[in-house]
Amino acid sequence: MYSYSHLIVFLPLAGFVFLGLFGPRIKNERLIGIIGSGTVGLAFVLASGIFLQMISWNVDERRQVIELFSWIAAFTDTPNSLSVSVAYQIDQLSILMTLIVTGVGFLIHVYSIGYMHGDPGFWRFFAYLNLFIFAMLNLVLADNFLLMFLGWEGVGLCSYLLIGFWYDRKFEVGGYKPGTSTTSDAAKKAFVVNRIGDFGFLLGMFLIFERFGSLKFESVFGAASVLSTGNETVTWITLLLFLGATGKSAQIPLFIWLPDAMAGPTPVSALIHAATMVTAGVYMVARCSVLFALAPTTMMVVAVIGALTAVVAATIGLVQNDIKKILAYSTVSQLGYMFLAMGVA
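Small disclaimer: the values here were computed from a predicted structure and weren't measured.

Reading guide: rules and limits
Residues numbered from 1 in each chain as written. Predicted model: local features only at pLDDT ≥ 70, side-chain atom pairs only at ≥ 80, totals over all residues. Heavy atoms only, no water. Helix = DSSP H or I, 4+ residues; strand = E, 2+ residues; numbered from the N terminus. Rg over C-alpha atoms; globule rule 2.2 N^0.38 Å. Buried < 20%, exposed > 50% of the residue type's maximum accessible area, 1.4 Å probe, protein only. Contact = heavy atoms within 4.5 Å. Areas by Shrake-Rupley, 256 points an atom, 1.4 Å probe, with all protein chains shown as cover. Lys, Arg positive; Asp, Glu negative; His and termini not counted. Charge placed at Lys NZ, Arg CZ, Asp CG, Glu CD. Axes fitted to C-alpha atoms, helices over the stretch in contact; angles between N-to-C directions. Parallel < 35°, antiparallel > 145°, perpendicular 65-115°, else oblique. Nonpolar A, V, L, I, M, F, W, Y, C, P; charged D, E, K, R; others polar. Expected span 1.5 Å × (residues − 1). Bend = angle between axes of the 7 residues up to and from the residue. Polar contact = N/O pair within 3.5 Å; in protein donor to acceptor, adjacent residues only side chain to side chain. Salt bridge = Lys/Arg side-chain N within 4 Å of Asp/Glu carboxyl O. Phe/Tyr/Trp six-rings, centres within 6.5 Å; stacked < 30°, edge-to-face > 60°. Left-handed = near helix turned anticlockwise from the far one by under 90°.

Novice: Just give me the short version of the overall build of the protein, but keep the residues and values in it.
Specialist: When its secondary structure is counted, the protein shows 14 helices and four strands. Over its C-alpha trace the protein gives a radius of gyration of 20 Å, about what one expects of a compact globule, namely 20 Å for 345 residues. In terms of its C-alpha atoms, the protein occupies a principal-axis envelope of roughly 60 × 45 × 40 Å. Here the protein holds 345 residues, and the buried ones make up 53% of them. Within the protein, contacts between residues separated by at least 24 positions form 77% of all contacts whose residues are at least 6 apart in sequence. Of the roughly 14800 Å² of accessible surface on the protein, 67% is carried by carbon and sulfur atoms. Positive and negative side-chain charges of the protein, numbering 18 and 18 respectively, have mean locations separated by a distance of 10 Å.

Structure representation (structure tokens):
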């Protein structure tokens, strides 16, 4: 089953391409829903098969890397050559997240068939959902930082498209009067705030390549494992990576986009802002645990930010009178608990 793992990623992409090209010509909503949901459902079945095969193997045999093709090869005549492949890493951490993304994603796709019934952009909505699942799977299955960053930016783009799907509708935000803001304003806010965090992720990648000469997880973590605890470069790398995580996972001070993002369609709130995209930062910290374990200062920062976010967001949620805002602040608070857990290892 491991040899078919790349299909988990490319099935949702196939759904996006098909619906993007032929969706406007397909007048049957049920058919569009079956295509959009079916690709994610098949991906979940494949992931489940790999998971069942994995648990029957010994622990040291469970990690497999499936390399598809060479993506970037630069500076080949220098000691620090940049070589990046499109390759997917299957292990206990990535298969767990894959099951969550495809399993929850499939249920939300099915629910969306009824929820979006009669909407003129029905086919476009399912195309965006499929693209989001493709980007999220790249993020969790990547075997290198650059491919992870591609998925990281992909889910950011999809969140912009999906939050602002009903771009002409108005909603109440913060202290504004009803009807003064549109969902496109919420989408732009989410996009801009996430770019701040992504800038930290990008700088962290630059430092990783400068220090370790590679962007592959195996090479970077192997080289880092021999460094002493408290290494200054590793501390800066992890702080920059955590800045990226605070944006994507809505932690203080970059949590302000998530409550407004609930203005999008309810399936979007369920898929992106409760189940999958907002856990990307937590997943990234877990994936880079070798680096974070070498930076006690960063671990303290992660724990403190997580604890503060958990308390502050829950406190704000106590005085909200809109059910989706309450869910938003509850989500932010629970993500804070997750980062607190990461910070204390």
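Still more to cover.
Novice: Kindly report on the packing of helix α3 (residues 92–115) against helix α4 (residues 122–141), identifying the contributing residues and their values.
Specialist: One way to put it is that α3 packs onto α4 with a least axis distance of 10 Å and a crossing angle of 175 degrees. With respect to α4, the axis of α3 lies roughly antiparallel. Note on element contacts: α4 touches α3 through F122, F125, F126, L129, N130, I133, M136, L137, V140 and L141, opposite S94, M97, T98, V101, T102, G105, H109, S112 and I113. Split by residue class, the contact of α3 with α4 holds 12 nonpolar, seven polar and no charged.

Novice: Can you break down helix α2 (residues 29–54) residue by residue, with the values?
Specialist: An ideal rise of 1.5 Å per residue puts 38 Å on 26 residues; α2 measures up with 37 Å between its terminal C-alpha atoms. Its axis deflected by about 25 degrees at G38, α2 carries its strongest bend there. Where α2 begins, the capping side chain belongs to N28, and its oxygen is found 2.9 Å from the backbone nitrogen of R30.

Novice: Please provide a residue-by-residue account of the pattern of salt bridges, values included.
Specialist: This structure, assessed with the given rule, holds six salt bridges. Across the salt bridge formed by D260 and K189, the nearest N and O atoms sit 2.8 Å from each other. Here D260, found in helix α9 (residues 257–261), pairs with K189, found in helix α6 (residues 183–212); they are 71 residues apart in sequence, far enough to count as distant. With a relative accessible area of 30%, K189 lands in the partly exposed category.

Novice: So what's going on with the packing of aromatic side chains? Residues and values would help.
Specialist: Inspection of the entire model under this criterion finds 17 aromatic pairs. Relative to F339, the ring of F242 has its centre 5.6 Å away and its plane inclined at 75 degrees; by these criteria the two rings are edge-to-face. Of the two residues, F242 sits in helix α8 (residues 232–248) while F339 sits in helix α14 (residues 323–343), which places them 97 residues apart along the sequence. The class for F242 is buried, based on a relative accessible area of 4%. The exposure class assigned to F339 is buried, which follows from its relative accessible area of 0%. Counting every residue linked through ring pairs, the aromatic cluster contains Y111, Y115, F122, F125, F126, Y128, F165 and W166.

Novice: Hey, could you go over the packing of helix α13 (residues 296–318) against α14 for me, with residue numbers and the actual values?
Specialist: Axis separation between α13 and α14 bottoms out at 7 Å; the angle between their running directions is 160 degrees. In terms of axis orientation, α13 runs roughly antiparallel to α14. As for how α13 packs across α14, the hand of that crossing is left-handed. Taken together, the residues of α14 that come into contact with α13 (itself represented by M299, V302, A303, G306, A307, T309, A310, A313, A314, I316 and G317) are I326, Y329, V332, S333, G336, Y337, F339, L340, M342 and G343.

Novice: Describe α6, naming the residues involved and giving the relevant values.
Specialist: Between its terminal C-alpha atoms α6 stretches 43 Å, which fits the 44 Å expected from 30 residues at 1.5 Å a residue. At I196, α6 shows its maximal kink, close to 25 degrees. The positive-phi residue at the C-terminal boundary of α6 is G213, with phi of around 70 degrees.

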